[in-house]
Amino acid sequence: MDYEGQICRAPMERASFMLPVMVGCSYNRCKFCNLFRHLDYRELPIEQIEGELKRVKEAGGCPKKIFLGDGNAFGLKMERLLRILERIHVYFPECMCINMDATVTSIQQKSDQELRLLYENGVRHLYLGIESGLDDVLAFMEKDHDTSQAYKAIERLKRAGLIYDAHIMTGVAGRGRGQENARALAEFLNRTGPAHVVNFSMFLHKEVPLYRQIEDGTYIPADELENLLEERTLLKLIETEFLYDGFHDYIEVRVRGKLSRDREKMVKKLDQVICEYEGGEKLYSYVQGECPNLQRCGSLENVWNS
Ligand code: SF4
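Predicted model, so just to flag it, every value in this text is computed and none were measured. (Residues numbered from 1 in each chain as written. Predicted model: local features only at pLDDT ≥ 70, side-chain atom pairs only at ≥ 80, totals over all residues. Heavy atoms only, no water.)

**Q** Outline the sheet that holds strand 11 (residues 253–259), supporting the account with residue identities and numerical values.
**A** Pairing within the open sheet is mixed, and its eight strands lie in the order 1-4-5-6-7-8-10-11. Edge positions in the sheet fall to strand 1 (17–20) and strand 11, since each of these pairs with one other strand and no more. Averaged over all pairs of adjacent strands, the angle between strand axes in this sheet comes to 20°, irrespective of strand direction. Examined bridge by bridge, strand 4 (residues 66–69) and strand 5 (residues 98–102) share three bridges and lie parallel to one another. Directly across from F67, in strand 5, lies its bridge partner N99. Sheet contacts for helix 6 (residues 147–159): strand 6 (123–131) and strand 7 (163–168); angle to strand 6, the most-contacted strand, approximately 170°. (Pairing = 2+ DSSP bridges. Helix = DSSP H or I, 4+ residues; strand = E, 2+ residues; numbered from the N terminus. Axes fitted to C-alpha atoms, helices over the stretch in contact; angles between N-to-C directions. Contact = heavy atoms within 4.5 Å.)

**Q** I'd like a rundown of the packing of helix 2 (residues 78–91) against helix 4 (residues 112–120), residues and numbers included.
**A** Direction vectors running N to C along helix 2 and helix 4 enclose 10°, while the axes themselves pass 11 Å from each other. Compared by their axis directions, helix 2 and helix 4 come out roughly parallel. Contacts between helix 2 and helix 4 involve M78, L81, L82 and L85 from the former and E114, L117 and L118 from the latter. Looking at the contact of helix 2 with helix 4 residue by residue, the class counts come to six nonpolar, no polar and one charged. (Parallel < 35°, antiparallel > 145°, perpendicular 65-115°, else oblique. Nonpolar A, V, L, I, M, F, W, Y, C, P; charged D, E, K, R; others polar.)

**Q** So, the site of the ligand: which residues are in play, and what are the values?
**A** The full set of residues close to the ligand is C25, N28, R29, C30, C33, F36 and T103. The residue makeup of the shell around the ligand, split by class, is four nonpolar, two polar and one charged. (Near = heavy atom within 4 Å.)

**Q** Would you mind going over the side chain of D262 in detail, with residue names and values included?
**A** Relative to the assigned elements, D262 resides in the loop between strand 11 and helix 10 (263–277). A distance of 3.0 Å separates polar atoms of two side chains, one belonging to D262 and the other to R261. (Polar contact = N/O pair within 3.5 Å; in protein donor to acceptor, adjacent residues only side chain to side chain.)

**Q** Explain the environment of R183 to me, and be specific about the residues and the numbers.
**A** With respect to the helices, strands and loops of the structure, R183 is situated in helix 7 (residues 178–192). A sequence separation of 135 residues divides R183 from Q48, and the C-alpha atoms of the two residues are 45 Å apart.

Read these as spatial facts, not as claims about activity.
Okay, structure coming up:
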């Protein structure tokens, strides 16, 4: 099947069979996100999805894990989602680990019985774009939830047997608020207990609404050093157990491990990088263009002039 859009999924899904069931994201409004902004959202015909299952089966595929793409597959209506799950089980009856991205709203739109039914039909991991623990930041970034809604939705999905994983973004709160966001995120993650946390640390992109607010000064981005310090505080404050994977695109730092077992090792790695960047020129993770043709700029001046 030809893929439309930019592939972005949690690293723990890299070995999964990626089955597109839609093009784009049904929400498509998060201010920082450029993944599907240029695409008109549409659901793929069941025949096309089935064709892909058939192709993989005939090629000898026997996936243990399937990831439904794209932006918010859990937002599909129940009837459609169940039809897709039923088709998957026809081709791969042994596959009982069907994972996807979800928004808080897409969970709210399903009843407790429906969540349970999805679990019984093989749905397991839901990756939620939590991003920040601060309500004003969530509102500013036009996320479709606040923290109290997220707490309720996560409690419900866990009660149904589904597994909650969190996507977060250090740097999302902007300059001077990294420590505040780290404390709020730590509290949120400690209370909600995800299985995995992926930190796609904030990167700035020219083709998103946030860019205009950077230009007019209503959003001042944090530099990479502040983001690293935020991440360090976050790791220090985590009191629950989960697998953590954090990226910083521009400075190419990756910190991963199991909390709290690997905390000291992970913090040490961050300390080394922080030492390297302290006192130097401020760096911003800025991306222009689309994968794989990314251009990266090191300073805000370069961002504005490019
Ligand atoms: S829900 Fe995810 S994919 Fe959709 S706009 Fe927000 S961040 Fe992007």
